[in-house]
Amino acid sequence: MVMSNIDKLAEDLERQELEAPNGVASPQLYEQLLAIYLYQNDLCNAKYLWKRIPQSVKASTPELANIWAVGQHMWKRDFPAIYKALNSVTWSETVAQIMKQVQDVVRNRAVDLISQAYSSITLDTVSAMTGLLPDICIPACMERGWMVEVDTRIVHPVRHNLENLGHTSSEDQLYKLTDFVSFLEN
């Protein structure tokens, strides 16, 4: 499976689900689609997929419940529980690569959150939010240019300046809002 074309794979899996005989797709399809939704951080679609998977498929496929457990922890933003759920299972070939990418994406989001939200944070908290052991966390933080006080175990993240995606004028915003309201009314 090629991770660079994940959006296309998601579209194909969604189409296959819709075209499945008797409306029930294979457990592998549900596993991959649920994992992709987690990778995309599309937790709403993941939840709706979980609700529409037949109970018989859920009961016969324990890995599906393990993937959903990761999604539930993502929904609660419980980083330590996310990593615990990801690492407590040996994933099958159908989802192993996707779940590895889910772990990497969650870790990157946590690092971005830390850099934007904290001026100082304990090493233990950084470790819990990134799923890295403190011994690995210290060099990883220093690699990002963050200052680490080893004696006090305090990390001082450096805030990244996010690229400005462009400002829209008030007139453009008003036009978009009017267009949206018009769409809703019709």
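Residues numbered from 1 in each chain as written. Predicted model: local features only at pLDDT ≥ 70, side-chain atom pairs only at ≥ 80, totals over all residues. Heavy atoms only, no water.

1. Things to note about the side chain of Glu63
Within the element layout of this structure, Glu63 appears in helix H5 (residues 62-76). Buried within the structure, Glu63 lacks any salt-bridge partner; its nearest side chain of opposite charge belongs to Lys100, at an N-O separation of 16 Å. The residues contacting Glu63, other than those within four sequence positions of it, are Glu31, Thr90, Trp91, Ser92, Thr94 and Val95. (Helix = DSSP H or I, 4+ residues; strand = E, 2+ residues; numbered from the N terminus. Buried < 20%, exposed > 50% of the residue type's maximum accessible area, 1.4 Å probe, protein only. Lys, Arg positive; Asp, Glu negative; His and termini not counted. Salt bridge = Lys/Arg side-chain N within 4 Å of Asp/Glu carboxyl O. Contact = heavy atoms within 4.5 Å.)

2. Brief notes about the packing of aromatic side chains
In total, this model carries 1 aromatic pair according to the counting rule given. Taking 5.6 Å as the distance between ring centres and 10° as the angle between the ring planes, the aromatic pair formed by Trp50 and Trp68 counts as stacked. Separated by 18 residues along the polypeptide, Trp50 in helix H3 (residues 43-52) and Trp68 in helix H5 bring together distant segments of the chain. The same class applies to Trp50 and to Trp68, which are both buried. (Phe/Tyr/Trp six-rings, centres within 6.5 Å; stacked < 30°, edge-to-face > 60°.)

3. Some points on a nonpolar patch on the surface
On the surface, Leu174, Leu177, Phe180, Val181, Phe183 and Leu184 cluster together to form a nonpolar patch covering roughly 650 Å² of accessible area. Relative accessible area serves as the criterion here: at 54%, Leu174 is assigned to the exposed category. (Patch = residues over 30% accessible without salt bridge, like charges linked within 9 Å, V, L, I, M, F, W, Y side chains within 5 Å. Areas by Shrake-Rupley, 256 points an atom, 1.4 Å probe, with all protein chains shown as cover.)

4. Let's talk about the pattern of salt bridges
One pass over the full model with this rule turns up 6 salt bridges. A salt bridge links Glu17 to Arg52, with the nearest nitrogen and oxygen atoms 2.7 Å apart. In this pair, Glu17 sits in helix H1 (residues 6-18) while Arg52 sits in helix H3, placing the two residues 35 residues apart along the sequence. Residue Glu17 is classed as buried on the basis of its relative accessible area of 10%. Across the pair Asp104 and Lys100 runs a salt bridge, and its minimum N-O distance is 2.9 Å. Here Asp104 and its partner Lys100 are both found in helix H7 (residues 96-117), 4 residues apart, which amounts to about one turn of the helix. Owing to a relative accessible area of 44%, Lys100 belongs among the partly exposed residues under this scheme. Residues joined in a network through salt bridges with shared partners are Lys8, Asp12, Arg15 and Glu19.

5. As for the packing of H1 against helix H2 (residues 27-39)
Two elements in contact, H1 and H2, have axes separated by 10 Å at closest approach and are oriented at 140°. In this view, H1 runs oblique relative to H2, as classed from their interaxial angle. Where H1 crosses over H2, the handedness of that crossing is left-handed. Here Ile6, Leu9, Ala10, Leu13, Glu14, Gln16 and Glu17 of H1 lie close against H2, whose contacting residues are Leu29, Tyr30, Gln32, Leu33, Ile36, Tyr37 and Tyr39. (Axes fitted to C-alpha atoms, helices over the stretch in contact; angles between N-to-C directions. Parallel < 35°, antiparallel > 145°, perpendicular 65-115°, else oblique. Left-handed = near helix turned anticlockwise from the far one by under 90°.)

6. With respect to the sheet that holds strand E1 (residues 121-122)
In space, the 3 strands of this open sheet follow the order E1-E3-E2, with antiparallel pairing throughout. The sheet terminates laterally at E1 and strand E2 (147-149), the two strands that pair on one side only. The pairing of E1 with strand E3 (residues 154-156) spans 2 bridges and is antiparallel. Bridge pairing in E3 links Ile121 to Val155. (Pairing = 2+ DSSP bridges.)

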